[in-house]
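Coordinates in review
Listed below, chain by chain, are the residues.
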Amino acid sequence: MYNLVKEKLDLILVVGGWNSSNTSHLQEIAEQNGTPTYWIDSEKRIGPGNRIAYKLSHGELVEKENWLPTGPLKIGITSGASTPDKLFPG
């Protein structure tokens, strides 16, 4: 994760259970680096119309519209240690 946040990224998507302290720590590292970070527990949190429901590091669930900027993006994706492989098919 420390190597990931060193890259010039437009945003980081953190995937993992909301009760996972490991996943929470990944989000904290990204936020401390100043990179916009979205912590989701499944792909169902990303909706149509450029909307996302994500959890803030202090536990609040929020929804945001237009979370993906327009144009080419460099996105970092990471997951907690206990995140099931089935969330990343392929």
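Structure first, text after, so check above.
My aim in this report is to walk through the structure given alongside it, one point at a time. On a predicted model such as this, the values are computed, not experimentally measured, just so you know. (Residues numbered from 1 in each chain as written. Predicted model: local features only at pLDDT ≥ 70, side-chain atom pairs only at ≥ 80, totals over all residues. Heavy atoms only, no water.)

1. Quick notes on the overall build of the protein chain
Of the regular secondary structure elements, the protein chain holds two helices and six strands. The order of helices and strands in the protein chain, counted from the N terminus, is α-β-α-β-β-β-β-β. Relative to the 2.2 N^0.38 estimate, which gives 12 Å for 90 residues, the radius of gyration of the protein chain is 12 Å and therefore close to what a compact globule would have. Across the 90 residues of the protein chain, 37% fall into the buried class. Within the protein chain, residue pairs in contact and separated by at least 24 positions form 54% of the contacts whose partners lie at least 6 positions apart. Accessible surface for the protein chain amounts to roughly 5700 Å². Of this, 50% is attributable to carbon and sulfur atoms. (Helix = DSSP H or I, 4+ residues; strand = E, 2+ residues; numbered from the N terminus. Rg over C-alpha atoms; globule rule 2.2 N^0.38 Å. Buried < 20%, exposed > 50% of the residue type's maximum accessible area, 1.4 Å probe, protein only. Contact = heavy atoms within 4.5 Å. Areas by Shrake-Rupley, 256 points an atom, 1.4 Å probe, with all protein chains shown as cover.)

2. Some remarks on the pattern of salt bridges
On inspection of all chains with the given rule, the structure shows four salt bridges. E65 is the partner of R51 in a salt bridge, and the nearest nitrogen-oxygen pair spans 3.3 Å. Taken together, the residues R51 in strand β4 (residues 51-55) and E65 in strand β5 (residues 61-65) connect sequence positions 14 residues apart. Using a relative accessible area of 35% as the deciding quantity, one classes R51 as partly exposed. Several salt bridges share partner residues, and in doing so they unite R51, E63 and E65 into one network. (Salt bridge = Lys/Arg side-chain N within 4 Å of Asp/Glu carboxyl O.)

3. Describing the nonpolar core
As a rule of thumb, soluble globular proteins bury nonpolar side chains together. Residues L4, V5, L9, I12, V14, W18, L26, I29, A30 and W39 constitute the largest nonpolar core, which totals 10 residues. Elements supplying a minimum of two residues to this core: α1 (2-6), β1 (11-15) and α2 (21-32). Top contributing element to this core by residue count: α2, with three residues. Among all residues touching W39, those that are not within four sequence positions of it are V14, G16, G17, W18, S20, T23, S24, Q27, Y54, K55 and L56. Counting residues in each nonpolar core, the second largest holds nine residues, with L11, I40, I52 and V62 among its members. (Core = buried A, V, L, I, M, F, W, Y, C linked by side-chain atoms within 4.5 Å.)

4. Quick notes on the side chain of T23
Structurally, T23 can be placed in helix α2. By relative accessible area, T23 is classed as buried at 0%. One polar contact links T23 to S20, side chain to side chain, over a distance of 3.0 Å. Those residues in contact with T23, other than ones at most four positions away along the chain, are V14, V15, G16, G17, W39, G80 and T83. (Polar contact = N/O pair within 3.5 Å; in protein donor to acceptor, adjacent residues only side chain to side chain.)

5. Details of unusual backbone geometry
Positive phi outside glycine occurs at N50, with the angle close to 60°. Its identity as a non-glycine residue notwithstanding, N66 has a phi of 55°, on the positive side. Of note, N66 is situated in the loop between β5 and β6 (75-79). Using a relative accessible area of 55% as the deciding quantity, one classes N66 as exposed.

Function cannot be read off these values alone, since they describe shape.
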